[in-house]
Amino acid sequence: MQIVDNYRLKIGGRDYVPIMIGGMGVNISTSELALEACRLGGIGHISDAMVLVVTDRKFGTTFTRAKYEKHRRYQESIDKSAVKFDLEDLKQAQIMHVQRTMEKKRGSGAVFVNIMEKLTMSDPLPTLKTRLCAALDAGADGITLSAGLHTHSLGLMEGHPRFRDAMIGIIVSSLRALKVFLRGAQRLNRLPDYVVVEGPLAGGHLGFGLEWAEYDLGAIVKEVVSFLEAEDLKIPVIAAGGIFTGGDAVELLEYGAGGVQVATRFTVTRECGLPNEVKQQYFKALPEDVIVSSCSPTGYLIRLLGTSPCLGSNVKPNCEAFGYALSREGKCQYLDAYQQGLSDKVGAKLPIQEKICLCYHFSQYHCYTCGHNVYRLKDTSIVNEDGTYQLLSAEHVFKDYQFSVGDELCLPQRASKTGLGAVVGI
Ligand SMILES: Cc1cc2nc3c(=O)[nH]c(=O)nc-3n(C[C@H](O)[C@H](O)[C@H](O)COP(=O)(O)O)c2cc1C
């Protein structure tokens, strides 16, 4: 029987263990998590979602406060069109975030940055260009373009000296979306180095509508692989969404995928950025707790636990400090829902049911986004004496994907009483 370790992912002339840990914003896929994937010969992602907030927290900078101070006069105003990001601050934050991760790289793998187009940041193209180019300046091995069609993104990086050397890939959920991207890429003579095909069972925002359950990752992967073969395009396809065991991964590799991108299994590792109590919620999740909701102001569906504190919250938007989901015109679907709520029920405490404040709740880890298989995480660990589940190491989970046979799941060893060397990798 095949195991994942029998395969290698070839990107840009180099061989990797064919396991990518997907980007998880806001700082859920931490530098530590990405660096572990790299050390073990795979590919890890950091995410640049809310990068000013992340940098402030990690390195004590004050970018968010400065943005708030500059725009605080708009706090009571309905019109947020003047609330903009300072592009120089954005560049500095991105460079710090990425460079300080790259400086710690060890091993034969790579670290990529996940960059979501849907974070429109009140001025979509200039902010996106700043984020993309700063990630390249900072030495990122690669950039994974996500949450959008990215019709402009390659053009925004075209003048950068690393445009043709850094690895650039895109996440798509259909062949149609890939074709749109490839048309622009061919015009620039800059094809992607890899394509992540993300199916309907993934965590985070979904590239599908309400009929998501009718789609199947394996079928989309086969369709994309045969299209690329027919076009004689040698671009590796990386399958993502719902891949829970080494056996699941092997199945997709056998369909012609060059690698897999996985995320949910790493949400319960010590290196993951979620608070420990949230990791326990992920462990304890039941199938009926997992919902696919239209609550995200991005307009994409998002998968999350129904117990997430963000749902039905009426937090006052703080676009002056955050504003990552604002359009160029200063609009955000949560802002609209909030303002509508205020005018409907003057003075009353109003739960906003239909939308969530993405910025506030993601920055507070109140949105328990997860893949469909989150309820199986309890099968991947053991229960401590106090009833909590034992956190895993990223190495343990990575090697479980890499070496386990079929659907077997390797459990961690029980933590030692001394607390030293708590979990031993497989
Ligand atoms: C907690 C969490 C946060 C995520 N955040 C992002 C994100 O910020 N950007 C993105 O492109 N994908 C995001 N994803 C999707 C993953 O990168 C990955 O492609 C997908 O979840 C893989 O499926 P799996 O979780 O079933 O393994 C997220 C997934 C999870 C579980």
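Residues numbered from 1 in each chain as written. Predicted model: local features only at pLDDT ≥ 70, side-chain atom pairs only at ≥ 80, totals over all residues.

A. Geometry of the overall build of the protein chain. Within the protein chain, the secondary structure is distributed over 13 helices and 13 strands. What you see for the protein chain is a C-alpha radius of gyration of 21 Å, in line with the 22 Å of a compact globule of 426 residues. Each principal axis of the C-alpha distribution contributes one length, and for the protein chain these read about 65 × 60 × 45 Å. Burial status across the protein chain gives 50% buried among its 426 residues. Within the protein chain, contacts between residues at least 6 apart in sequence are counted, and of these 73% link residues at least 24 apart. (Helix = DSSP H or I, 4+ residues; strand = E, 2+ residues; numbered from the N terminus. Rg over C-alpha atoms; globule rule 2.2 N^0.38 Å. Buried ≥ 20, exposed ≤ 12 C-beta atoms within 10 Å, placed from the backbone. Contact = placed C-beta atoms within 7 Å.)

B. A look at the nonpolar core. Counting 128 residues, the largest nonpolar core has V195, A239 and V260 as the members making the most contacts within it. The leading source of residues in this core is strand β5 (residues 110-116), at 6 residues. Those residues in contact with A239 that lie beyond four places of it in its chain are V197, L217, V221, L252, A257 and V260. (Core = buried A, V, L, I, M, F, W, Y, C linked by C-beta atoms within 7 Å.)

C. Examining the sheet that holds strand β9 (residues 204-206) more closely. If you trace the 3 strands from one edge of the open sheet to the other, you get β9-β13-β12, paired in antiparallel fashion. Of all the strands in the sheet, just β9 and β12 (290-293) have a single pairing partner and so form its edges. Taking each pair of neighbouring strands and ignoring which way they run, the sheet shows an average axis angle of 30°. Note that β9 and strand β13 (residues 301-305) share 3 bridges and pair antiparallel. Its bridge partner lying in β13, G204 is registered against R303. (Pairing = 2+ DSSP bridges. Axes fitted to C-alpha atoms, helices over the stretch in contact; angles between N-to-C directions.)

D. A look at the packing of helix α4 (residues 87-102) against helix α5 (residues 124-137). Direction vectors running N to C along α4 and α5 enclose 35°, while the axes themselves pass 8 Å from each other. Handedness of the α4/α5 crossing: right-handed. The residues of α5 that touch α4, namely those facing L87, L90, K91, Q94, I95 and V98, are P126, T127, T130, R131, A134, A135 and D137. The residue inventory of the contact of α4 with α5, partitioned by class, reads 7 nonpolar, 3 polar and 3 charged. (Left-handed = near helix turned anticlockwise from the far one by under 90°. Nonpolar A, V, L, I, M, F, W, Y, C, P; charged D, E, K, R; others polar.)

E. Layout of the site of the ligand. Every one of the 30 residues lining the ligand counts as a neighbour, but G22, S146, G203, G204 and G371 are closest to it. Every element with two or more residues in the shell around the ligand is listed here: β5 and β11 (259-262). (Near = placed C-beta within 6 Å.)

F. How the structure looks around the packing of helix α1 (residues 31-39) against helix α13 (residues 394-403). α13 packs onto α1 with a crossing angle of 45° between their chain directions and a minimal axis gap of 10 Å. Accordingly, the angle class assigned to the pair α1 and α13 is oblique. Classified by chirality, the crossing of α13 by α1 is right-handed. Counted together, L33, E36 and A37 of α1 and A394, E395 and F398 of α13 form the full contact between these two elements. (Parallel < 35°, antiparallel > 145°, perpendicular 65-115°, else oblique.)

G. Representation of helix α2 (residues 51-59). Listed as buried for α2 are V51, L52, V53, V54 and T55. Backbone geometry just downstream of α2 places G60 in the positive-phi region, at approximately 70°.

H. Region of the structure containing the confidence of the model for the protein chain. Across the protein chain, pLDDT averages 95, with 96% of residues at or above 70. Low pLDDT (under 50) marks residues 418-426, which in the prediction has 20 contacts with non-local residues, meaning those over four places away or in another chain. (pLDDT = per-residue confidence, 0-100.)

I. Structural context of unusual backbone geometry. Residues G25 and V26 are joined by a peptide bond in cis, for which omega reads 0°. Within the element layout of this structure, V26 appears in the loop between β3 (19-21) and α1. In this structure, M121 is a non-glycine residue whose phi angle is positive, near 50°. Among the secondary structure elements, M121 is positioned in the loop between β5 and α5. Note on M121: 25 C-beta atoms within 10 Å, which makes it buried. Residue H150 is not a glycine yet carries a positive backbone phi of 55°. Positionally, H150 belongs in the loop between β6 (142-146) and α6 (153-157).

J. Geometry of the pairing of strand β10 (residues 237-240). Of the two faces of β10, the one holding V237 and A239 and the one holding I238 and A240 are both buried throughout. As judged from the 4 bridges shared by strand β8 (residues 194-198) and β10, these two strands associate in the parallel manner. Following the sheet pairing, V197 is matched in β10 by A239. In this structure, β10 lies alongside β11, joined through 3 bridges in parallel fashion. Its bridge partner being in β11, I238 is matched across the sheet by G259. This β-α-β element, β10 to helix α9 (residues 246-254) to β11, shows right-handed connectivity. (Right-handed = clockwise from strand over helix to strand, strands pointing away.)

K. Up close: the pairing of β5. Most of β5 sits out of view: 7 of its 7 residues are buried. In β5, alternate side chains face the same way, and those of A110, F112, N114 and M116 on one face and V111, V113 and I115 on the other are all buried. As defined by bridge partners, strand β4 (residues 43-47) adjoins β5 across 5 bridges and the pair is classed as parallel. The residue bridging I46 from the neighbouring strand is V113, located in β5. Pairing of β5 with β6 involves 5 bridges; the strand directions are parallel.

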